[in-house]
Amino acid sequence: GLKKKEVNVLCLGLDNSGKTTIINQLKPSNLCLYGPLSDDWRHVSQVKTQTQDIVPTIGFNIDKFKSSSLSFTVFDMSGQSRYRNLWEHYYKESHAIIFVIDSGDKLRMVVAKEELDTLLNHQDICSRRMPVLLFANKSDLREAMSSVKVSQLLCLENIKDKPWHICASNALKGDGLQEGVDWLQEQIA
Ligand code: GTP
Ligand code: MG
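Now for a description of the structure that goes with this document. (Residues numbered from 1 in each chain as written. Chains lettered and ligands numbered in written order. Predicted model: local features only at pLDDT ≥ 70, side-chain atom pairs only at ≥ 80, totals over all residues. Heavy atoms only, no water.)

Attention shifts here to the overall build of the protein. Broken down by element type, the protein carries five helices and six strands. Reading the secondary structure of the protein in the N-to-C direction produces β-α-α-β-β-β-α-β-α-β-α. Residues counted as buried form 49% of the 189 residues belonging to the protein. Considering only contacts in the protein between residues 6 or more positions apart, those separated by 24 or more positions represent 73%. Accessible surface computed for the protein: about 9,800 Å², of which carbon and sulfur atoms make up 51%. (Helix = DSSP H or I, 4+ residues; strand = E, 2+ residues; numbered from the N terminus. Buried < 20%, exposed > 50% of the residue type's maximum accessible area, 1.4 Å probe, protein only. Contact = heavy atoms within 4.5 Å. Areas by Shrake-Rupley, 256 points an atom, 1.4 Å probe, with all protein chains shown as cover.)

Structure representation (structure tokens):
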């Protein structure tokens, strides 16, 4: 069949926002479905399938998932403050950004905004028309803010030079993730 277009996506956001849980949901649940000789998968013999136990990421993980027309390579970065200086080393080679926010974490929304602003103003990002997909994650929490509220607090309407989209998501169940990936695919395809 036709080879899917390869895109690099950087998954960013504060620690504990749910990045790894989201990526884990997007990965194939059963590697065997793809067959051991599938061209697309042979070179990624270390592709990990969905795992039960998700622990805080150290440094970063590289993962793969596919949509109907694209083959994504995701850099799932650690959100811990001591690792955030790693993020910028991957800006140049990335085609899109997934930025994850814990919608229940009101206290750190200002920190999330600072990190987002720093990212968008970085020299390797600011001049490029790079799609930014935001997940207002943990929408299942009783105290979760709506995606509209999150987008107001992050002042997303100020992003004029890049296509952006925010989706409420519950990464534990997978709700909202497909809508986001569909949007991303439309922007890149
Ligand atoms: P770092 O790797 O440290 O940057 O964190 P991360 O952003 O990768 O977060 P991770 O995916 O490890 O999730 C952190 C915690 O939040 C875990 O206990 C997840 O089970 C939980 N979690 C993730 N998504 C959701 C969600 O949508 N709802 C709820 N209630 N919990 C979630
Ligand atoms: Mg993680």
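Moving on, we come to the coordination of the magnesium ion (ligand 2). For the magnesium ion (ligand 2), every protein donor is listed as Thr-20 (OG1) and Thr-57 (OG1), and the spread of their distances is 2.0 Å. Here Thr-57 lies in the loop between helix H2 (39-42) and strand S2 (60-66) and Thr-20 lies in helix H1 (residues 19-26), a separation of 37 residues in the sequence. (Donors = N, O, S within 2.8 Å, 3.2 Å for Na, K, Ca; no water.)

Our focus in this paragraph is empty space enclosed by the protein. Under the counting rule described, the total for this entry stands at two cavities of 30 Å³ or more. Considering only enclosed or pocket space, the largest cavity measures out at about 60 Å³ in volume. What lines the largest cavity is simply Leu-14, Asp-15, Ser-17, Val-100, Ile-101, Asp-102, Asp-105, Arg-108, Met-109 and Ala-112. Counting residues per element, the ones that place at least two in the lining of the largest cavity are strand S4 (96-102) and helix H3 (109-121). Looking at the lining of the largest cavity element by element, the count peaks at three residues for S4. Among the residues forming the lining of the largest cavity, the class breakdown is five nonpolar, one polar and four charged. (1 Å grid on protein atoms, 1.4 Å probe; cavity = no way out; pocket = protein on both sides within 12 Å on 5 of 7 lines; lining within 4 Å. Points joined across faces, edges and corners; volume = space filled by probe spheres on them. Nonpolar A, V, L, I, M, F, W, Y, C, P; charged D, E, K, R; others polar.)

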